[in-house]
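Residue strings, one per chain:
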Amino acid sequence: MPHASIAAAPSAWALRKLPVAALALAATLAALALLAASLLGGWELLRTALAEPGSRAFSWQAIGRACGERYMLVGPLLNSLLIAVPTAVLATAIGGALAWLAVRTDFPGRSFVMALVALPHVIPGFQLASAWVEIFANNGLWQTATGLDAPVNAYGAGAILAVTTLHLLLFPYLVVAANLQAADPALEEAARVAGLSPARVFWRVTVPLARPALVAGLLLVFAYVMEEFGIPSLLGTPRGFDTLTTRIYGLATTPPLDMEGASVLALLLGVLALLVLAAQLRLLRGQRLETLAGKASRQSRASLGRWRAPVAIGVWAALLAVALAPLMALVLVSLLESWGQGYGPQNWTLARYAALFESEELRRALRNTLWLGAAAAAVATAVAVAVVYAAHRLSGGWRRLAVLSDRVSFVVFALPGLVVGLALILAFSGGPLPLYGTVWILLLAYVLRFGGVSVRTVTARLAQIGVELEAAGAVAGLSRLRVIARIVLPLLAPALVGSAVLVFVNTVKEISATSLLVSQGSETLAYEAYVRFQEGNYTQGSALSVATIAMVLALLGVSRWVSRRSEEGRR
């Protein structure tokens, strides 16, 4: 009968609704899977650290052994602190001073300061370390250009301190700049009117205003240095200078493997990271900027006076050097036939770049990088939408579960990559889901590590969208899924693009978790570059680094373009 066949066929409405429902279901299931993987990895890490080797019985043996043997814990911990404390102080002082110059003074060209401060951070840490070696090693660029011995060591604690400081300047700069932009400049103006000299205004008014941001920046840099792996691995390990991260890597990868000892150190590193995170959150909750008026005042800038020209020359020379020298070193060395045989055009070749397309190993690494970056970006962004929408728009059990997922993603993002990687090895080396040794464990690691970035990005955007628009859609007869598809997602589009770009960029640069989880056939460009640098093949490693950096800069440019188009659309 005709009417029976029509009734049995799916309606056009159902067919239109199916993709939205399927995507929503997939995102929800992925969020639950990631939550389960996070909790399972944490449990396995804790169980391994507190279990007797070869048994599930509780034991303090691994902790006692780590504390009793200097090479395992005490030495690496002291080395980590030896780098982290001065780096945090130096980076915060320099970044804070640059932020003050750019925001509060008539420093020339101040609008370009952030771009130059950001460039050493855009370059992955281990690649920045490699550029440092190329510049300051024997017969390196410095010695070749000047004929003089390098003023600093290419390896060792001093080199690590210098490179990490340059790499992390961006964090205190951003935090302090945001603080100074929000603070009322009338406070400093009133001090100047009262007769205080510029120096006394700076120390008595500006510094106290920026103190919460300075402390937050210092804590942030300290946490990043403690978890940094690539820089100490390339600059410290060749000189026997081990940090917590390089010691964890050695215990987990060098036979005979000591997963119990590695787990103890990973737990300590994770606890330190969470303590710093808690201190930052407490500081931010207690921060409150007072203003003299009830509304923002017009930004006034202090005059540098007769110091304007010499300060500008000195600061711009330093900024251009630290921002461009590493990139130029990587580009130049990538063009060499052989490093150490001269830097002239007669020694130039494009063979290292051609290898990206001619070598099956490097072609596979490029494919893996693009695929993993795109997949991690898509999954993390989709999960973020599901988690954030449920946490802010739903109620009951779904909301509580989403809030838990939100908090866990934030905690995992704060954990060092080596801790996440080791936890995943312990959780997925066997059992019903043996992901270790496959490319899928890398995808899981990237989504877990950077999912917190997506959640924060989408949360900030959703907070700007009023529920009235969704209510209007519901009144018009749209289901919740249709409201999300037709109203919420288009309004979230800039945040979704930003989330995807940030996850992709971080995935492309990631080396700490990758170094533990990579296997034959799942190598990435960053890992291949890292291996080349470790082997001393600086020409090929530099070419891979330049390709990675170009990819990152291009994506950041796309993100910036989308952001500007979005701002223009709102106007």
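Residues numbered from 1 in each chain as written. Predicted model: local features only at pLDDT ≥ 70, side-chain atom pairs only at ≥ 80, totals over all residues. Heavy atoms only, no water.

*Asks:* Looking at this structure, I do not really get the overall build of the chain. What am I missing?
*Replies:* Regarding its fold elements, the chain presents 25 helices and zero strands. Its C-alpha atoms give the chain a radius of gyration of 26 Å, near enough to 25 Å, the size a compact globule of 571 residues would have. Out of the 571 residues belonging to the chain, those deemed buried represent 50%. The contacts in the chain between residues at least 6 apart in sequence include a share of 77% that link residues at least 24 apart. Accessible surface, the chain: about 26,500 Å² in total, of which carbon and sulfur atoms supply 66%. With 43 positive and 28 negative side-chain charges, the chain shows a spacing of 12 Å between the two charge centroids. (Helix = DSSP H or I, 4+ residues; strand = E, 2+ residues; numbered from the N terminus. Rg over C-alpha atoms; globule rule 2.2 N^0.38 Å. Buried < 20%, exposed > 50% of the residue type's maximum accessible area, 1.4 Å probe, protein only. Contact = heavy atoms within 4.5 Å. Areas by Shrake-Rupley, 256 points an atom, 1.4 Å probe, with all protein chains shown as cover. Lys, Arg positive; Asp, Glu negative; His and termini not counted. Charge placed at Lys NZ, Arg CZ, Asp CG, Glu CD.)

*Asks:* Help me out: how do you make sense of the packing of aromatic side chains in this one?
*Replies:* The geometry of an aromatic ring pair comes down to the distance between the two centres and the angle between the two planes. All told, the structure shown has eleven aromatic pairs when counted by the stated rule. Relative to Tyr 538, the ring of Trp 339 has its centre 4.9 Å away and its plane inclined at 40 degrees; by these criteria the two rings are tilted. A residue pair is termed long-range when its members are at least 10 positions apart, and Trp 339 in the loop between α15 (308-334) and α16 (351-358) and Tyr 538 in helix α25 (residues 538-570) qualify at 199 residues. A centroid spacing of 5.2 Å and a plane angle of 55 degrees characterise the contact between Phe 533 and Tyr 538, whose relative ring orientation is tilted. Across this residue pair, the class does not change: Phe 533 and Tyr 538 are buried. A connected cluster of aromatic rings, assembled from ring pairs, spans Phe 126, Phe 229, Tyr 249, Trp 339, Tyr 530, Phe 533 and Tyr 538. (Phe/Tyr/Trp six-rings, centres within 6.5 Å; stacked < 30°, edge-to-face > 60°.)

*Asks:* Just to check I follow, could you spell out a nonpolar patch on the surface for this structure?
*Replies:* A contiguous nonpolar patch, built from Val 74, Leu 78, Leu 81, Val 85, Val 89 and Leu 218 and spanning about 420 Å² of accessible area, is present on the exposed surface. With five residues, the single largest contributor to the nonpolar patch is helix α4 (residues 74-104). Assignment of secondary structure puts Val 85 in helix α4. Look at Val 85 and you get partly exposed, because its relative accessible area is 43%. (Patch = residues over 30% accessible without salt bridge, like charges linked within 9 Å, V, L, I, M, F, W, Y side chains within 5 Å. Salt bridge = Lys/Arg side-chain N within 4 Å of Asp/Glu carboxyl O.)

*Asks:* What should I look at first to understand the environment of Glu 361 in this one?
*Replies:* The topology assignment puts Glu 361 in helix α17 (residues 360-393). A residue is classified by how much of its surface remains accessible, and Glu 361, at 34% relative accessible area, is partly exposed. Considering only alpha carbons, one finds Glu 361 and Ser 522, 161 residues apart in sequence, at a separation of 10.0 Å. When near neighbours in sequence (up to four residues on either side) are disregarded, Glu 361 contacts Glu 528 and Arg 532.

*Asks:* Sorry if this is basic, but what is going on with the packing of α4 against helix α11 (residues 198-227) here?
*Replies:* Helix-helix packing is characterised by the crossing angle of the two axes and by the distance between the axes. At a closest axis distance of 8 Å, the pairing of α4 and α11 adopts a crossing angle of 140 degrees. By the angle between their axes, α4 is oblique relative to α11. Here α4 and α11 pass one another in a crossing that is right-handed. (Axes fitted to C-alpha atoms, helices over the stretch in contact; angles between N-to-C directions. Parallel < 35°, antiparallel > 145°, perpendicular 65-115°, else oblique. Left-handed = near helix turned anticlockwise from the far one by under 90°.)

*Asks:* Mind showing me how you'd approach the side chain of Ser 522 here?
*Replies:* Structurally, the position occupied by Ser 522 is in the loop between α23 (512-517) and α24 (525-535). From its side chain, Ser 522 meets the backbone nitrogen of Ser 519 in a polar contact 2.9 Å long. Every residue in contact with Ser 522, bar those within four places of it in the chain, is listed here: Asn 368, Val 439 and Leu 442. (Polar contact = N/O pair within 3.5 Å; in protein donor to acceptor, adjacent residues only side chain to side chain.)

*Asks:* Please explain unusual backbone geometry as it appears in this structure.
*Replies:* Trans peptide bonds make up most of the peptide bonds, and negative phi angles are found at most residues other than glycine. Going from Pro 255 to Pro 256, the amide bond is cis rather than trans, its omega being -5 degrees. Within the secondary structure, Pro 256 is located in the loop between α13 (244-253) and α14 (259-286). Phi at Asn 139 takes a positive value of approximately 65 degrees, unusual for a residue other than glycine.

*Asks:* Please clarify how the pattern of salt bridges should be interpreted in this entry.
*Replies:* Here the structure, examined in full by the defined rule, presents 13 salt bridges. A salt bridge links Arg 47 to Glu 44; the shortest N-O distance between them is 2.9 Å. Highlighted residues: Arg 47 and Glu 44, both in helix α2 (residues 12-49), separated by three residues, approximately one helical turn. Note that Arg 407 and Asp 406 form a salt bridge whose closest N and O atoms lie 3.9 Å from each other. Arg 407 gets classed as exposed once you look at its relative accessible area, which sits at 51%. Put simply, Glu 227, Arg 449 and Glu 510 are held in one network by salt bridges that share partners.

*Asks:* Can you help me understand the nonpolar core in this one?
*Replies:* One broad trend across soluble globular proteins is that nonpolar side chains are buried collectively. In terms of nonpolar packing, the biggest core is built from 147 residues, with Val 113, Leu 422 and Leu 424 touching the most fellow members. With sequence-adjacent residues up to four places away left out, Leu 424 is seen in contact with Ser 429, Ile 441, Leu 444, Ala 445, Leu 448 and Leu 517. Within the second largest apolar cluster, 15 residues are counted, among which are Val 458, Ile 465, Leu 478 and Ile 484. (Core = buried A, V, L, I, M, F, W, Y, C linked by side-chain atoms within 4.5 Å.)

*Asks:* What should I look at first to understand the packing of α17 against helix α18 (residues 397-414) in this one?
*Replies:* Where α17 contacts α18, the axes come no closer than 8 Å and their chain directions differ by 130 degrees. Relative to α18, the element α17 lies oblique. For the crossing formed where α17 meets α18, the hand is left-handed. Within the contact between the two elements, α17 uses Val 387, Ala 390 and Ala 391 and α18 uses Trp 398, Arg 399, Ala 402, Val 403, Ser 405 and Asp 406. A class-by-class count of the residues in the contact of α17 with α18 yields six nonpolar, one polar and two charged. (Nonpolar A, V, L, I, M, F, W, Y, C, P; charged D, E, K, R; others polar.)

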